[in-house]
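Notes for the structure review
Read off the chains here:
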Amino acid sequence: MKKTQWFLRPDVLYLLCVLGVCFGLGFAAWLRQGEARILIYEGLQKGFTAFPVLAALVTRKITQDQSPWPLSLKLWKRSGLWLFCAVIPGILIVIGAVVYFALFPQTYSGIFRYGLLLGIEGEAPIRSLSAFWLVTVALAAVCFPLQLLELGEELGWRGYLLPKQIQRYGIRKAVLLNSFLWGAAHLPLIYFGFNYSLNNPLAPFSNMVMMMLMCMTLGILCCYVTLISGNCLYAAVIHGVVNLIGEVPVFLSVSLENTLLGPNPTGLIGMFGLMLCALVMLRLLKQAENRLPLNKSRK
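Note on numbering: residues in each chain are counted from 1, in written sequence order. Owing to the predicted nature of the model, reporting of local features is limited to residues with pLDDT of at least 70; listing and counting of side-chain atom pairs is limited to 80 or more, with chain, interface and lining totals taken over all residues. Excluded from the side-chain calculation are hydrogens and water; included are all heavy atoms of the structure.

On to the pattern of salt bridges, then. Definition used for salt bridges: Asp or Glu carboxyl oxygen within 4 Å of a side-chain nitrogen of Lys or Arg. Taken as a whole, this structure holds four salt bridges when the rule is applied. A salt bridge links Lys164 to Asp65, with the shortest nitrogen-to-oxygen separation between them at 2.7 Å. Of the two residues, Lys164 is situated in helix H8 (residues 151-169) and Asp65 in the loop between helix H3 (50-63) and helix H4 (79-103); the sequence distance between them amounts to 99 residues. Partly exposed residues are those whose accessible area sits between 20% and 50% of the maximum for their type, while under 20% is buried and over 50% is exposed, using a 1.4 Å probe and protein chains only. Look at Asp65 and you get buried, because its relative accessible area is 15%. The closest approach of N and O atoms between Glu154 and Arg158, which form a salt bridge, is 2.8 Å. You can see Glu154 and its partner Arg158 sitting in helix H8, four residues apart, about one turn around the helix. Arg158 gets classed as buried once you look at its relative accessible area, which sits at 0%. Overlapping salt bridges, with partners in common, bring together Arg9, Asp11 and Arg168 in one network. Only DSSP runs of H or I reaching four residues or more are called helices, and only runs of E reaching two or more are called strands; each is numbered from the N terminus.

Pasting the structure below:
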């Protein structure tokens, strides 16, 4: 049998496609100035969620891969898992934000500048912080249409690439590698100031390191729920909830700038709850390797 060229391996070809687009656009933006840079950066930002699924489709076409997508809309079949995905990440982010503001009380404004979050004018004083967080977690949990916006990334990284990596590297290495590479794809965005303040020490490179840590953390969570369910839509729910709630804490701060520590979950203190959860999941994955639905279906 003729040996397949290394660059035509499905996992490699997928990465060449998606990382090539992300870093290619990032390099093009770096070369330009003014409005041209802004337009390229906006194209990268707006297309970021679509690039992974498009890369998966291209790779499947070239390699003639007809394996089924690990995707089902029937989240209610595992209501407990859905509840975990929809609620627990939000609670962990809230805990991280509360700890951050407790450690740095001078950074808490007591005002929610929702206008900056929604792109409109408006702000409101926080009269009951516990009630505010309760409503925020509940709203993020039920915003399924917004959670679906993350499906493009999850179909590519967890739905398509992860099973290929498990076949080659085993489950734990595959999960870590998948999460690391997913983080690497974000680096062109972070370089230009996405998610972090460029006033942070050693920015943008310190921001890039912190984003890698965040993506490793969130990636493990998304890999875990995809593997135990055989359905990457659960990962999209987690991803969507984190993106929805994760932008809220900074709009309660005085500076409106996300630092390397927080208050958003992209900071070290803000993400510590998610990190602990990821470490537990990584251990559980190894223990349950032979019983995982997605892993079984690929053997």
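Let's pick the thread back up.
A few words now on unusual backbone geometry. Of note, the amide linkage connecting Ala203 to Pro204 takes the cis form, showing an omega dihedral of 5 degrees. Of note, the amide linkage connecting Gly262 to Pro263 takes the cis form, showing an omega dihedral of 10 degrees. Relative to the assigned elements, Pro263 resides in the loop between helix H11 (233-246) and helix H12 (272-287). For Gln64, which is not a glycine, the phi torsion comes out positive at approximately 55 degrees. Within the element layout of this structure, Gln64 appears in the loop between H3 and H4. Gln64 sits in the exposed class, given a relative accessible area of 68%. The residue Leu202 is not glycine, and still its phi comes out positive at about 65 degrees. Mapped onto the elements of the fold, Leu202 is located in the loop between helix H9 (171-191) and helix H10 (205-229).

Once that is clear, we can look at the UniProt feature "transmembrane region" (unreviewed entry) in the protein. UniProt positions are given in the numbering used here, feature names are shortened, and annotations may be inferred rather than shown by experiment. Under the UniProt annotation, the feature "transmembrane region" (unreviewed entry) is placed at residues 12-32, 80-104, 170-193, 205-225, 232-254 and 266-285. Helix makes up 88% of residues 170-193 and strand makes up 0%, while its end C-alpha atoms are separated by 35 Å. Structurally, residues 232-254 comprises 61% helix and 0% strand, and the distance from its first C-alpha atom to its last is 37 Å.

Angles shown run from 0 to 180 degrees and are taken between the N-to-C directions of axes, each axis being a line fitted to C-alpha atoms and, for helices, limited to the stretch in contact. With their axes 12 Å apart at the nearest point, H4 and H10 run at an angle of 170 degrees to one another. Considering the angle they form, H4 stands roughly antiparallel to H10. Taken together, the residues of H10 that come into contact with H4 (itself represented by Leu81, Phe84 and Cys85) are Val225, Ile228 and Ser229. Any residue that is not Ala, Val, Leu, Ile, Met, Phe, Trp, Tyr, Cys, Pro, Asp, Glu, Lys or Arg is counted as polar, Gly included; the first ten are nonpolar and the last four charged. Class assignment for the residues of the contact of H4 with H10 results in five nonpolar, one polar and no charged. Under this scheme an angle from 65 to 115 degrees is roughly perpendicular, one under 35 degrees roughly parallel, and one over 145 degrees roughly antiparallel; angles in between are oblique. It only takes one pair of heavy atoms within 4.5 Å for two residues to be counted as in contact.

Turning our attention to the packing of aromatic side chains. Here the distance between the centres and the angle between the planes together describe a pair of aromatic rings. Two aromatic rings from Phe, Tyr or Trp, using only the six-membered ring of Trp, form a pair when their centres are within 6.5 Å; if the ring planes differ by under 30 degrees the pair is stacked, by over 60 it is edge-to-face, and anything between is tilted. Under the definition given, this model contains 13 aromatic pairs. With 6.2 Å between their ring centres and 65 degrees between their planes, Tyr191 and Phe205 make a pair best called edge-to-face. Residue Tyr191 is found in helix H9, and its partner Phe205 is found in helix H10; the two are separated by 14 residues along the sequence. Of the aromatic side chains, those joined through ring pairs into one cluster are Tyr14, Trp69, Trp157 and Tyr160. A ring has a charge above it when a Lys NZ or an Arg CZ is no more than 6 Å from the ring centre and no more than 35 degrees off the ring normal. Here the guanidinium or amino end of Arg158 rests over the ring plane of Trp182, the centre of that ring lying 4.3 Å away.

Along H8, the sharpest change in direction is near 40 degrees and occurs at Leu161; proline Pro163 comes one to four residues later. The first or second residue beyond H8 is Gly170, which carries a positive phi of 90 degrees. Bend, in this description, refers to the angle at a residue between axes fitted to the seven residues ending there and the seven starting there.

Contact geometry of H9 with H10 gives a least axis separation of 7 Å together with a crossing angle of 140 degrees. Considered as vectors, H9 and H10 are oriented oblique to each other. Viewed along their axes, H9 and H10 form a crossing whose handedness is right-handed. Within the contact of H9 with H10, the residues separate by chemical class into 19 nonpolar, six polar and no charged. We call a crossing left-handed when the near helix sits turned anticlockwise from the far one by less than a right angle, and right-handed when that turn is clockwise.

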